[in-house]
Amino acid sequence: MIVFPSHLSAPSALATVSVCQEILASDGVTDIDAGQLSYIDPFGMAMLGACFDSARNIGCTIRVHQLSANLSGYLQRMDVFDGVELVACAQSAGTRRDRSGDLVELTQLSNRADVGSAAHRLAKAMIGNPDPNEVPDEMSGYTPYERLVEPLQYALNELLENALTHARRGNMSASVWVASQYYPKKDLIRLGVVDNGCGFLESLRNHSELLHKRHIEAILLALRPRISCNRDLGVFNDSVNQGVGLTTSCRIAERADGRMILASGNAMHSTSGYSGEKPDVYWQGVGIAMEVNRSKLAEVRIQELLPSLDDIPPVTLRFE
Ligand SMILES: Nc1ncnc2c1ncn2[C@@H]1O[C@H](COP(=O)(O)OP(=O)(O)O)[C@@H](O)[C@H]1O
Ligand SMILES: [Mg+2]
């Protein structure tokens, strides 16, 4: 029996990745004891979504035991347990409460064409309903509501786009799972974006700036401005090869008093704490947690955060 830890969340990312790894390594019928699980955040939900789906695709049956009444209703509403057997778990209350103003269910995306609309829908859901009396600012033309939606929409668009382009090198069937929630008491928005693709190291393996072929170095390299696996190749158009998406998303989180945690392979990096590798914890793909203070989003100006052209690393000229 696999045992869920008490927290499946971004601050417990190592324990979360580790139990997902255990589930994926098992075959046949996988029994999970959820009796100790007391808290799950969007990162935990997106990880479970990706993990359960991969497990099902390799023919595993997953049975979750002893889930508390509290979590059972919540997780079923978030669609985490589609196709998973619940054994001796408290029943959920039945009807789904419409909480589209502050909570978005776990969503799986497999089609790049859906990224734009999903990013827009998720960002709006996290901000809630606009005040109908809001007037656009004369200078910028933006309403205060649009000011809050824009940075989140930008980050979601970049993260989802990355997951359905770069992550597919070598695994064309990779998908991405996204979950998000607004926590009114703390005025925090949390996002989890998890894919089951090739991971940072594989996509940047041939990049000349990657000195050591290690997961942690690949994550840190990807976060640097103007670093892209596609530079000069012109494989994708628009924002997908300028190398600014991750850098700017990170800057948005920091400007909004938040943070970002990135996990890939055996490495994890948090913009506010731990950074390193663990030999026996492994995620095949990329898992990202982003946290922002909702009202602070009003102060974010994406134009000011975008890396400038000066950030382009110098090209070594060769005369041959
Ligand atoms: N989900 C992912 N899976 C694998 N590699 C990724 C992922 N997201 C980002 N990367 C790597 O990080 C690099 C930088 O990402 P980003 O800043 O969005 O720039 P760009 O998408 O323009 O290349 C990408 O070029 C890619 O090599
Ligand atoms: Mg990108």
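Scroll up for the structure.
Read on for an overview of the structure. This one's a predicted model, so the numbers in the text were calculated from it and none came from an experiment.

What counts and how
- Residues numbered from 1 in each chain as written.
- Chains lettered and ligands numbered in written order.
- Predicted model: local features only at pLDDT ≥ 70, side-chain atom pairs only at ≥ 80, totals over all residues.
- Heavy atoms only, no water.
- Helix = DSSP H or I, 4+ residues; strand = E, 2+ residues; numbered from the N terminus.
- Buried < 20%, exposed > 50% of the residue type's maximum accessible area, 1.4 Å probe, protein only.
- Contact = heavy atoms within 4.5 Å.
- Axes fitted to C-alpha atoms, helices over the stretch in contact; angles between N-to-C directions.
- Parallel < 35°, antiparallel > 145°, perpendicular 65-115°, else oblique.
- Left-handed = near helix turned anticlockwise from the far one by under 90°.
- Nonpolar A, V, L, I, M, F, W, Y, C, P; charged D, E, K, R; others polar.
- Near = heavy atom within 4 Å.
- Polar contact = N/O pair within 3.5 Å; in protein donor to acceptor, adjacent residues only side chain to side chain.
- Areas by Shrake-Rupley, 256 points an atom, 1.4 Å probe, with all protein chains shown as cover.
- Core = buried A, V, L, I, M, F, W, Y, C linked by side-chain atoms within 4.5 Å.
- Pairing = 2+ DSSP bridges.

## Some remarks on the environment of A34
Okay, step 1: Along the chain, the position of A34 falls in the loop between β3 (29-33) and β4 (39-40).
Okay, step 2: Residue A34 is classed as buried on the basis of its relative accessible area, which comes to 0%.
Okay, step 3: Distance in space between the C-alpha atoms of A34 and P5 is 7.8 Å, their sequence separation being 29 residues.
Okay, step 4: Aside from chain neighbours lying at most four places away, what touches A34 is F4, V64, H65, Q66 and L67.

## Here we look at the packing of helix α4 (residues 115-127) against helix α5 (residues 144-165)
Okay, step 1: Relative orientation of the contacting elements α4 and α5 amounts to 140°, with a least axis distance of 8 Å. Of the possible angle classes, the one that applies to α4 and α5 is oblique. For the element pair α4 and α5, the recorded crossing hand is right-handed. Contact residues: α4 offers V115, G116, A118, A119, H120, L122, A123, K124, M126 and I127, while α5 offers Y145, L148, V149, L152, Q153, L156, N157, L160, E161 and L164.
Okay, step 2: A per-class count over the contact of α4 with α5 returns 14 nonpolar, four polar and two charged.

## Notes on helix α7 (residues 215-223)
Okay, step 1: Buried residues dominate α7, accounting for seven of its nine residues.
Okay, step 2: Residues of α7 that are buried include every one of H215, I216, A218, I219, L221, A222 and L223, and no others.
Okay, step 3: Each element contacted by the buried residues of α7 is listed here: α6 (199-204), α8 (245-255), β10 (259-265), β11 (267-270) and β12 (275-277).

## Remarks on the site of ligand 1
Okay, step 1: Looking at ligand 1, there are 22 residues lining it, with H166, S203, S228, C229 and G243 nearest.
Okay, step 2: In this structure, G245 approaches ligand 1 through a main-chain N or O atom, which is 3.3 Å from an oxygen atom.
Okay, step 3: Within the backbone of L246, one N or O atom sits 2.9 Å away from an oxygen atom of ligand 1.
Okay, step 4: When ligand 1 sits alone it has 530 Å² of accessible area, and the protein chains cover 99% of it.
Okay, step 5: When contributions to the shell around ligand 1 are tallied by element, the ones reaching two or more residues are α5, α6 and α8.
Okay, step 6: For the shell around ligand 1, the element with the most residues is α6, which contributes four residues.
Okay, step 7: Of the residues belonging to the shell around ligand 1, the class tally is eleven nonpolar, ten polar and one charged.

## Here we look at the nonpolar core
Okay, step 1: By size, the foremost hydrophobic cluster in this structure holds 55 residues, and its most contacted members are L152, I189, L246 and L297.
Okay, step 2: Counting residues per element, this core draws most heavily on α5, at eleven residues.
Okay, step 3: Discounting residues that sit within four places of it in the chain, L297 has contacts with I127, R147, L148, P151, L152, I189, I252, A256 and V292.
Okay, step 4: Listed in part, the 44 residues of the second largest apolar core include F43, M45, L48 and M268.

## So, the sheet that holds strand β5 (residues 61-65)
Pairing between the strands of a sheet is mediated by backbone hydrogen bonds and can be parallel or antiparallel.
Okay, step 1: Overall, parallel pairing links the four strands, which are arranged β1-β3-β5-β6 in an open sheet. What marks the edges here is a single partner per strand, and that holds for β1 (2-3) and β6 (85-87).
Okay, step 2: Relative to β5, β3 runs parallel, the two sharing five bridges. By the bridge assignment for β5, T30 is matched with I62.

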